[in-house]
Amino acid sequence: MNSKSTGSQSAKASFSMDDFAKALEQHNYEFQKGQVVRGKVLEHDSNGAYVDIGGKSSAFLPIQEAALRTIANLSEVVPLQEERDFLIIREQDADGQVTLSLRQLQIQEAWEGLIELQESGKVLQVRVSGANKGGVTVDVQGMRGFIPRSHLIDRDNIESLVGQALTVSFLEIDQERQKLVLSQRLATQSSAFSQLQIGQLVEGKVSSIKPFGVFIDMEGISGLLHIKQVSQKYIENLSQVFSPGQILKAIVIDLDESRGRISLSTRILENYPGEIVEKMAEVMDTAEERAERARKSLS
């Protein structure tokens, strides 16, 4: 009875070892999920393409994984006999076939490219694809990004931005959460900062009047004319001197790009204390000559 039992166990053991060996033989551990492999397109069908990646069976590229956009004709994206890189997204099935993706490889490469752009501080162009009360959605190299309303220059009529191209910089890139947040305002500010210098005469529109100073909008970026920089004479109430929408010329006296701050002055355009209050139009009309004199005093 014991010998019979032992024989039966050894038969089972040898069978399972053979089985295991066959399983090992059939399964090619060279191909793992997440791996990038080189392959040649062998055949198309209505569902996708068969690709030779050097395995026992051809790998399969489903049509929905062939490109970032929806495609109707596979040969446009993966012509027959073309050799290229693919990403393995599913390991071997029972037939020894792995599943490939070009779309996910392109997404991975796009994220890496965007992270490089962010690190270099570069701006990029995106197209607005949709709008809601919180902001606009944009197409960023085939991926979906978002610009919050507060980071748009024209935030009053955002529906009109759909279809438009905007220049933006990065606010947040989170590949794991597939989150891409951008800013048009910061890109404009960065571009404007690169064109500004201390001593430069700028022109803008009064956008708001606060107790401490006047904010001047200069084509999408804002500068502050502090109350102490308005005149050599003490100003008690800025609302009596300025009005919203008023066009002003002022001199740049400080630039702090890290804090997004542009400090302006009309004080140094004056010939005498209080002139800006008494003869605003005259000071503005002769601002260029006055600025030339002020630049000498700044340097």
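The following paragraphs examine the structure supplied in this document. All values derive from a computational prediction rather than experimental measurement.

**Observations concerning the overall build of the protein chain**
Within the protein chain, the regular secondary structure consists of seven helices and 15 strands. Burial analysis of the protein chain (299 residues in total) assigns 38% to the buried set. Relative to all contacts within the protein chain whose residues are 6 or more apart in sequence, the contacts with residues 24 or more apart total 55%. Total accessible area on the protein chain stands at roughly 17500 Å², and carbon and sulfur atoms take up 47% of it.

**Here's the deal with the pairing of strand 4 (residues 83-90)**
The side chains of a regular strand alternate between both faces of the sheet. Note that strand 1 (residues 36-45) and strand 4 share five bridges and pair antiparallel. Bridge pairing in strand 4 links V36 to L87.

**Overview of the pattern of salt bridges**
Following the criterion strictly, the structure yields eight salt bridges and no others. Two residues, D85 and R38, come together in a salt bridge whose shortest N-O distance is 3.2 Å. Separated by 47 residues along the polypeptide, D85 in strand 4 and R38 in strand 1 bring together distant segments of the chain. For R38, a relative accessible area of 47% corresponds to the partly exposed category. The salt bridge partner of E82 is R84, with a shortest N-O separation of 3.1 Å. Overall, E82 belongs to the partly exposed group, its relative accessible area being 26%. Within the structure, one salt-bridge network assembled from shared partners comprises R38, E83 and D85.

**Considering the side chain of Q184**
Following the sequence through the fold, Q184 ends up in helix 4 (residues 184-195). Once residues within four sequence positions are removed from consideration, Q184 is found in contact with I147, H151, L152, I153, D154, L166, T167 and V168.

**Let's talk about the nonpolar core**
Counting 29 residues, the largest nonpolar core has L225, F242, L248, I262 and L264 as its most contacted members. Taken together, the elements giving at least two residues each to this core come down to helix 4, strand 11 (201-210), strand 12 (213-218), strand 13 (221-226), strand 14 (247-256), strand 15 (261-265), helix 6 (280-285) and helix 7 (287-298). At four residues, strand 14 tops the list of elements feeding residues into this core. In this structure, F242 is in contact with I209, V214, L225, V230, L248 and M280, ignoring residues within four places of it in sequence.

**Here we look at unusual backbone geometry**
Of note, the phi angle at Q81 is positive, near 70 degrees, even though the residue is not glycine. Within the secondary structure, Q81 is located in the loop between helix 2 (74-77) and strand 4. You will see that Q178, though not glycine, has its phi angle at about 50 degrees, which is positive. Note that Q178 resides in the loop between strand 9 (165-174) and strand 10 (179-183).

Scoring rules and cut-offs
Residues numbered from 1 in each chain as written. Predicted model: local features only at pLDDT ≥ 70, side-chain atom pairs only at ≥ 80, totals over all residues. Heavy atoms only, no water. Helix = DSSP H or I, 4+ residues; strand = E, 2+ residues; numbered from the N terminus. Buried < 20%, exposed > 50% of the residue type's maximum accessible area, 1.4 Å probe, protein only. Contact = heavy atoms within 4.5 Å. Areas by Shrake-Rupley, 256 points an atom, 1.4 Å probe, with all protein chains shown as cover. Pairing = 2+ DSSP bridges. Salt bridge = Lys/Arg side-chain N within 4 Å of Asp/Glu carboxyl O. Core = buried A, V, L, I, M, F, W, Y, C linked by side-chain atoms within 4.5 Å.

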